[in-house]
Amino acid sequence: MQQVAVLGATGSIGTSALDVIARHPQRMRASVLAAGTQVDALLALCRTHQPDHAVIADPKCFDALRDGLRDAGLRTQAHAGEDALDALVDGDACTTVVAAIVGAAGLRSTLAAARAGKRLLLANKESLVLAGELLVHAANDAGACIVPIDSEHNAIFQCLPDAHAREGLKRICLTASGGPFRGRSRASLADVTPAQAVAHPKWSMGPKISVDSATLMNKGLEVIEAHHLFGVDAGRIDVLVHPQSLVHSLVEFVDGSTLAQLGLPDMRTALAVGLSWPERVISGVGGLDLLQHGRLDFEPPDHDAFPCLGLAYAALRAGGTAPATLNAANEVAVSAFLQGRIAFLGIPALVEDTLAALPPGPADTLDALREADRAAREFAQSAVNGSKTQR
Ligand code: NAD
Ligand code: MG
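Worth saying up front: this structure is predicted, and the values here are computed from it rather than measured.

(A) Examining the domain arrangement of the chain more closely. Examined at the domain level, the chain breaks down into domain 1 (2–148), domain 2 (150–264 + 297–318) and domain 3 (319–391). Here domain 1 and domain 2 have C-alpha centroids that lie 26 Å from each other. Each partner contributes to the interface: domain 1 provides 13 residues, whereas domain 2 provides 17 residues. Contact between domain 1 and domain 2 buries roughly 1,300 Å² in total, counting both sides, with carbon and sulfur atoms accounting for 67%. Per-residue buried area on domain 1 facing domain 2 is highest for Lys125, Val129 and Pro148; these three make up 49% of the total on that side. Lys125 serves as the salt-bridge partner of Glu222, at 2.9 Å between the closest nitrogen and oxygen. A total of seven residues in the side of domain 1 that touches domain 2 trace back to one element, the largest contributor, which is helix α6 (residues 125–142). Grouping the constituent residues of the side of domain 1 that touches domain 2 by class yields eight nonpolar, two polar and three charged.

(B) Molecular detail of a nonpolar patch on the surface. Side chains of Leu262, Leu290, Leu296 and Phe298 sit close together on the surface and give an oily, nonpolar patch of about 320 Å² of accessible area. Considering the arrangement of structural elements, one finds Leu296 in the loop between α13 (290–293) and α14 (308–318). The class of Leu296 is partly exposed, set by a relative accessible area of 33%.

(C) Molecular detail of the side chain of Asn218. Mapped onto the elements of the fold, Asn218 is located in helix α11 (residues 217–230). One polar contact links Asn218 to Lys125, side chain to side chain, over a distance of 2.5 Å. Apart from the residues lying within four places of it in its own chain, the contact partners of Asn218 are Lys125, Ile209, Asp212 and Ser213.

(D) Quick look at the packing of aromatic side chains. One pass over the structure, following the stated rule, counts three aromatic pairs. Measuring from centroid to centroid gives 5.6 Å for Phe337 and Phe344, while their planes differ by 65°, and the two rings are edge-to-face. The exposure class of Phe337 is buried, given its relative accessible area of 2%. Here a set of aromatic residues connected by ring pairs shows up, and it is made of Phe181, Phe337 and Phe344.

Rules of the game
Residues numbered from 1 in each chain as written. Chains lettered and ligands numbered in written order. Predicted model: local features only at pLDDT ≥ 70, side-chain atom pairs only at ≥ 80, totals over all residues. Heavy atoms only, no water. Domains from an automatic or database assignment. Contact = heavy atoms within 4.5 Å. Buried area = accessible area lost by both parts, 1.4 Å probe. Salt bridge = Lys/Arg side-chain N within 4 Å of Asp/Glu carboxyl O. Helix = DSSP H or I, 4+ residues; strand = E, 2+ residues; numbered from the N terminus. Nonpolar A, V, L, I, M, F, W, Y, C, P; charged D, E, K, R; others polar. Patch = residues over 30% accessible without salt bridge, like charges linked within 9 Å, V, L, I, M, F, W, Y side chains within 5 Å. Areas by Shrake-Rupley, 256 points an atom, 1.4 Å probe, with all protein chains shown as cover. Buried < 20%, exposed > 50% of the residue type's maximum accessible area, 1.4 Å probe, protein only. Polar contact = N/O pair within 3.5 Å; in protein donor to acceptor, adjacent residues only side chain to side chain. Phe/Tyr/Trp six-rings, centres within 6.5 Å; stacked < 30°, edge-to-face > 60°.

Dropping the structure here:
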């Protein structure tokens, strides 16, 4: 029986993971559920899935979680805080970890899962952008199997099943839906609202990644993610806009073959791959009827309207702490945009200003990366507070 810890259980990926797990009671169960601050949502999940442990990140929410579990008559143990989460991820409470906390807040638990040699279903792309080398080394050293749960990287994982295939790899092509503002000019994006930005045409996702999809920073983060997961440098990673979101990515080999993975845009497919690989199990997602969809379109990304993609490539090429700075500035910018404190075009402006102000240093220790993350947040937050970013 596979014992699965779902971190970020109340979120979009977390609930999709629990949906797949519940379809296979003979082979897997959710043994640990963790969330940030949403006690009621976590309690509801505990009533349905009856995990051994429930963890709330915010210690102020511990009493409510403990009392709620007791009142529901559940045997689930209540915990709070990052140390408790790390101990559960590290110990016997789980064999598999779904890392689906949003943002750099997920780094500690993701790293703990890698170091403990667990099967790691990695949705938390920000931890790879922030500390990709350390994370991949830790996983390799401990024998942890990382299965990417970003649809694009999961597609590439499926197309590149072994080391032999990787030796013959020439290029990777990440597909992008283009987000809700595909086809619009830069000038027309000046006054778009948070509600418009989170209304993604193809995928239903949490607010942060939805804004990242609208700016194309999501694809930029994914370029950096692909670099770490598949050992490919920036010059061999392309991005192609594909509005139907049916081709999830492609790999080209030296012999002229290109392989792609296709499917409906539903994260349960990637999660089922992660939970059962190398076997295949049902995910609840239906098959793809190409006749019904009719056509597959591809176009180049518009770097003028969506400068975040180019900023991410530049940060990857600059190396060192630059990707950590990019990620932290973006998290601050997205949060400020969602709160109505900066304009949509203020997001790339703030990321660019932060990268320019904080030149990259060596990224060989976790402390150096954490310091780069902290400094970038401080710089970006004070820029937001001074409203310097309204361009
Ligand atoms: P979401 O906002 O829907 O959910 C985030 C989850 O993280 C919630 O359960 C929240 O309680 C938890 N959380 C937040 N801060 C926390 C903290 N400090 N400690 C513990 N838990 C905390 O986000 P999502 O869309 O599910 O995305 C999760 C991650 O997966 C992100 O890194 C995102 O980039 C990645 N991802 C998501 C999708 C998608 O389809 N949603 C696709 C690819 C990758
Ligand atoms: Mg993706």
